[in-house]
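These are the residues of each chain, in order.
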Amino acid sequence: MLPPVFGVLFDGLAYGMLLFLLSVGQSVTLGMMNFINLAHCSFAMLGGYVTVVLMSSYGWPFFATLPCAFIAAALVSVGFERAFFRRLYRASDLDQVLLTIGIVFISVAVAAYIFGTEQRPLQLPAYLRSSLTFMGVRFAVYRLILIGLALLITLALVLGLDYTRFGARVRAAVDNERMARGLGIDVDRTFAITFALGSGLAGLGGALAIEIIGLDPSFALTYLVYVLIVVSVGGLGSISGSFAAAIVLGISDVAGKYYIPQLGAFLIYLVMIGLLMWRPLGLIGRR
Amino acid sequence: MALTEGTANPRLYLQAQTRWRPIEIAFWLATLLPYALFPDYLSLASQIAIAGLFALSLDLILGYAGIVSLGHAAFFGIGAYTAGLVSKYGWGEPLTGLAIAAVAAGLIGYATSFVICRFRHLALIMLTLGFGLLLEELANSAGWLTGGVDGLQGIHTWKLFGYLPFDLYGRTAYAYALAVLFVLFVFARRLIHSPFGLSLRGIRENFVRMPAIGAPSRAHIRTIYTIAAAMAGIAGALLAQTTETVSLESLGFERSAEVVVMLVLGGAGRLYGGLVGVIVYMVARDQFSGIEPQYWYFWIGVLLVGVVTFLPNGILGGAAKLMSRRSRS
């Protein structure tokens, strides 16, 4: 028999992976492009609503809705990028924060108008809601899948951004835009695709997360803080840093709520401030 | 900030800036109009004066020193809770209450400023946000002291100077809040037009280069952050004393975000930016209050996107641009 601490560790890990899936897209846009996009969770919320609507109104299977959540969030984000964000790549932090928080407010109101303010539950098939018991500790299947998917996405992104031509183009465009243009890289297109990738990942993360954290219009604001914590603690532009930060924060949050419930969300903020003061550039910071 | 004539002699430039312009005098005289024109809206007017003071304190750090803070309501809340608790436990004298709240908020501001001055950009935004959230959780869990989600009850503010009671219509409250706002505004105005204020603007433009010309960036940031914290604390204390209640919402993230919105709407980095933004925002919210709050947020969002896209320096920045264009043609 394993002591209950393993159950807490497993739940913390799964929660951390959920935070990671929500924030990995932000790590791409904020980290690679240095653009503070507070509207990230709005795209995650869009992905969540796509999944819920496709499943409840059209009877699609859960896994078939995931690519749709990705594509919907990516397409909508490209529209926003073309219309608003691209003007602000060189603007101050404050302008980026203001514009994107404005979009968050709009998205919260629009979601409330279309879908109502109540929680939208997700009806998962039975095999996803079951759990395995191993040496006295219950492992929920869905959480195992979350962990597996998070590992896959990390691997794909790290390899993709470090070893492909596209990844090299993105890094070149970020490091020196004029030089990259001079070399014939279509910087606008590269940024648009990167942005779509980041927001698409947000949509996917949102679709995967709602089973555990629920979905209502305030989603875009509530989880924004967690996403920012993961990305800034992990280190800008570092996928593996976000991965590590998500694990640390997920486990400390779940463990804190399990062992010292009266502290509430206090612990996760304390961990964040401590980590940021220790390493202002994040756990694995490059800049 | 257009540096035109008199830039050759910095002393003359600063002196020219400190002169009171007719439009400023007209603005402050106009703040007395609610007594004559809208006597029913005096409590709204006192809320506006309080929010104006809060926005002014944020302007000192955000507009002038370039510290983007998403947790400035922390100091507002500390001031409000301090004034509320002092009054609840037996000392309801308003002016000393303000002073105690200012000292409390200033002390905590001074303590955190040692962290704030070491960081820029995203880490700074996240740290201010984190401090704000941490404090909100703390106030929430310390229910025995703060009343938790129910808010702090049982505050009683004594009469101002011993004979002016705080009435239901907000006559005393508005005069009190306006007077405090004016005194602190004059102080902030003096501060901004001093060499210290000028070096703050230098730090905003280039944090690293200022020490090279002899302005210690970090020490200056610590000073202005402490001053701004104390001013925000006074604003919070004013709210606690005039409404005789303090809620958790007074130090929440929404209030921090809202004050940034109001300041930017008016124009950050301008003394009157916060005041103009607060007036426009609060009057609009009062007029739209019949609409459900969710849709109010929709309009704030539209407003933010519009301001950033079309009016990068706020209402006052846009007005200044129009004026200079007209005088040139």
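Since the structure is predicted, the reported quantities are computational estimates derived from the model, not experimental observations.

## Structural notes on the overall build of chain A
Secondary structure assignment for chain A yields 12 helices and two strands. When the elements of chain A are put in sequence order from the N terminus, they spell out α-α-α-α-α-β-β-α-α-α-α-α-α-α. Relative to the compact-globule value of 19 Å for 287 residues, chain A shows a C-alpha radius of gyration of 19 Å, a close match. Of all 287 residues assigned to chain A, the portion counted as buried reaches 49%. Within chain A, contacts between residues at least 6 apart in sequence are counted, and of these 78% link residues at least 24 apart.

## As for the overall build of chain B
Across its full length, chain B carries 15 helices and zero strands. A burial count over chain B gives 49% of its 329 residues as buried.

## Examining the interface of chain A and chain B
By convention, interface size is frequently given as the accessible area that disappears when the constituent parts associate. Contacts between chain A and chain B engage 32 residues on the former and 29 residues on the latter. Mapped by element, the contributors of at least two residues to the side of chain A that touches chain B are α4 (93-115), α10 (219-234) and α12 (266-278) of chain A. The greatest single-element share of the side of chain A that touches chain B, amounting to 14 residues, is contributed by α4(A). Grouping the constituent residues of the side of chain A that touches chain B by class yields 26 nonpolar, four polar and two charged.

## Notes on the confidence of the model for chain B
For chain B, per-residue confidence averages 83 on the pLDDT scale, and residues scoring 70 or more make up 95% of the total. Complex prediction metrics read pTM 0.83 and ipTM 0.76.

## Side note on the environment of B:Leu248
Residues and elements named next belong to chain B. Structurally, the position occupied by Leu248 is in the loop between α11 (217-243) and α12 (253-266). Between the C-alpha atom of Leu248 and that of Leu322, which follows or precedes it by 74 residues, the distance is 42 Å. Excluding residues that lie within four positions of it along the chain, Leu248 makes contacts with Glu136, Ala139, Asn140, Val149 and Gly151.

## Overview of helix α7 (residues 121-141) of chain B
Taking 1.5 Å per residue as the helical rise, α7(B) with its 21 residues ought to reach 30 Å, and the 31 Å between its terminal C-alpha atoms agrees with that figure. With 15 of its 21 residues buried, α7(B) lies for the most part within the structure.

## With respect to the packing of helix α6 (residues 141-163) of chain A against helix α11 (residues 239-259) of chain A
Residue and element names in this part refer to chain A. In the contact formed by α6 and α11, the axes pass within 9 Å of each other and the chain directions differ by 155°. Classed by the angle they form, the pair α6 and α11 counts as roughly antiparallel. Along the contact surface, α6 presents Thr154, Leu157 and Val158, while α11 presents Ile239, Ser240 and Phe243. Residue classes in the contact of α6 with α11 are distributed as four nonpolar, two polar and no charged.

## Structural notes on the environment of B:Ala175
All names here are of chain B. With respect to the element layout, Ala175 can be found in helix α9 (residues 171-192). Classification of Ala175 by C-beta neighbours within 10 Å gives partly exposed; the count is 18. Separated by 153 residues in sequence, Ala175 and Pro22 have C-alpha atoms that sit 22 Å apart.

## Things to note about the packing of helix α5 (residues 73-88) of chain B against α11(B)
Residue and element names in this part refer to chain B. In contact at an axis separation of 6 Å, α5 and α11 are set at 45° when each is read in the N-to-C sense. By the angle between their directions, the pair α5 and α11 is classed as oblique. Viewed along their axes, α5 and α11 form a crossing whose handedness is right-handed. For the pair formed by α5 and α11, the contact residues are Phe75, Phe76, Gly77, Ile78, Gly79, Ala80, Thr82, Ala83, Gly84 and Ser87 on the first element and Ala229, Ala232, Gly233, Ile234, Ala235, Gly236, Ala237, Leu239, Ala240 and Gln241 on the second. Of the residues belonging to the contact of α5 with α11, the class tally is 12 nonpolar, eight polar and no charged.

## Comments concerning the environment of A:Phe62
All names here are of chain A. One can find Phe62 in helix α3 (residues 62-83). The spacing of Phe62 and Leu208 is 146 residues in sequence and 9.5 Å in space, taken between C-alpha atoms. Those residues in contact with Phe62, other than ones at most four positions away along the chain, are Met55, Leu124, Pro125 and Leu128.

Conventions adopted
- Residues numbered from 1 in each chain as written.
- Chains lettered and ligands numbered in written order.
- Predicted model: local features only at pLDDT ≥ 70, side-chain atom pairs only at ≥ 80, totals over all residues.
- Helix = DSSP H or I, 4+ residues; strand = E, 2+ residues; numbered from the N terminus.
- Rg over C-alpha atoms; globule rule 2.2 N^0.38 Å.
- Buried ≥ 20, exposed ≤ 12 C-beta atoms within 10 Å, placed from the backbone.
- Contact = placed C-beta atoms within 7 Å.
- Nonpolar A, V, L, I, M, F, W, Y, C, P; charged D, E, K, R; others polar.
- pLDDT = per-residue confidence, 0-100.
- Expected span 1.5 Å × (residues − 1).
- Axes fitted to C-alpha atoms, helices over the stretch in contact; angles between N-to-C directions.
- Parallel < 35°, antiparallel > 145°, perpendicular 65-115°, else oblique.
- Left-handed = near helix turned anticlockwise from the far one by under 90°.

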